[in-house]
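Read off the chains here:
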Amino acid sequence: LAKTTQPISMDSYEGQEVNITCSHNNIATNDYITWYQQFPSQGPRFIIQGYKTKVTNEVASLFIPADRKSSTLSLPRVSLSDTAVYYCLVGDTTDKLIFGTGTRLQVFP
Amino acid sequence: GAGVSQSPSNKVTEKGKDVELRCDPISGHTALYWYRQRLGQGLEFLIYFQGNSAPDKSGLPSDRFSAERTGESVSTLTIQRTQQEDSAVYLCASSLIQGLAEPQHFGDGTRLSIL
């Protein structure tokens, strides 16, 4: 599985757009890029997944450049409830998945 | 309840005791996963089941850990002779099929504390 690198923490204010970038230089051809969100005392929750270009759903957008060596999770107009840890995963199977420590996003009023 | 259910939600036990953690996946999900999350850290993959079979058990931390799944449904994670370093949240997830392209649905975990 490709190793991922993401910032340990980020701060933002309500109403701002937040972009969290994940580096995955060794991504393989068959790998997908998946993001999860985890609130305290809860299990992670699937946010979005993509293979290339751009994916958008009701929660977020995922931007993937042509070389696929990085990806950016974009959260539009964050609110206090978006305060959570965000994990970037890269792979084609769920064998031995590595969530890493994720990015801790703190949203301030 | 349509989600993944784990029990107990909290477990406190003395060092050396055995503990059994239970996971009820979403009905119809063939793949089931166990993770461990220590305080302030990311998730550590332990084992996954496709149906009732676990193709690879090398993620289990030691031979004190074992897991089984029956009826392509309920799974139990057993830790024998618990140690203080086993203290963590144990998370279970299920997915319709096995594969990263298939989102995993997580329970809220069992918080295990070893005294």
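Structure shown above.
Residues numbered from 1 in each chain as written. Chains lettered and ligands numbered in written order. Predicted model: local features only at pLDDT ≥ 70, side-chain atom pairs only at ≥ 80, totals over all residues. Heavy atoms only, no water.

**A few points about the nonpolar core**
We count it as follows: For the purposes of this section, nonpolar cores are sets of buried Ala, Val, Leu, Ile, Met, Phe, Trp, Tyr and Cys residues that join through side-chain atoms within 4.5 Å. Each residue is assigned to one of three classes by its accessible area relative to the maximum for its type, calculated with a 1.4 Å probe on protein chains only: buried under 20%, partly exposed between the two thresholds, exposed over 50%. It only takes one pair of heavy atoms within 4.5 Å for two residues to be counted as in contact.
By size, the foremost hydrophobic cluster in this structure holds 21 residues, and its most contacted members are Trp34(B), Leu46(B), Ile47(B), Phe49(B), Leu77(B) and Tyr90(B). Not counting residues within four places of it along the chain, the set of residues in contact with Phe49(B) comprises Thr30(B), Ala31(B), Leu32(B), Trp34(B), Ala54(B), Ala67(B), Glu68(B), Arg69(B) and Ser75(B). Judged by nonpolar contacts, the second largest core, of 20 residues, contains Ile20(A), Leu73(A), Leu75(A) and Val107(A).

**Here's the deal with the sheet that holds strand 5 (residues 53-56) of chain A**
Residues and elements named next belong to chain A. Where we set the bar: At least two DSSP bridges between two strands are needed for those strands to be called paired. Secondary structure follows DSSP: runs of H or I at least 4 residues long count as helices, runs of E at least 2 residues long count as strands, and numbering of each begins at the N terminus. A fitted line through C-alpha atoms serves as each axis, taken over the contacting stretch for helices, and the angle formed by two N-to-C directions is quoted from 0 to 180°.
With antiparallel pairing, four strands are arranged side by side in an open sheet as 2-7-6-5. The open sheet is flanked by strand 2 (18-23) and strand 5, the only strands paired with a single partner. Neighbour to neighbour, the strand axes of the sheet diverge by 15° on average, direction disregarded. Relative to strand 6 (residues 61-64), strand 5 is paired through four bridges, and the arrangement is antiparallel. Directly across from Val 55, in strand 6, lies its bridge partner Leu 62.

**Brief notes about the environment of Asp82(A)**
When you line up the elements, Asp82(A) lands in the loop between strand 7 (70-75) and strand 8 (84-91). For Asp82(A), the contacting residues outside a window of four places in its chain are Gln37(A), Arg77(A), Leu105(A) and Val107(A).

**Section: the pattern of salt bridges**
Residue and element names in this part refer to chain B. As a reminder of what qualifies: Salt bridges are defined as contacts in which a side-chain nitrogen from Lys or Arg sits within 4 Å of a carboxyl oxygen from Asp or Glu.
Under the definition given, this model contains three salt bridges over all chains. For the salt bridge of Glu 44 with Arg 36, the shortest nitrogen-to-oxygen distance reads 3.0 Å. With relative accessibility at 5%, the residue Arg 36 sits in the buried group.

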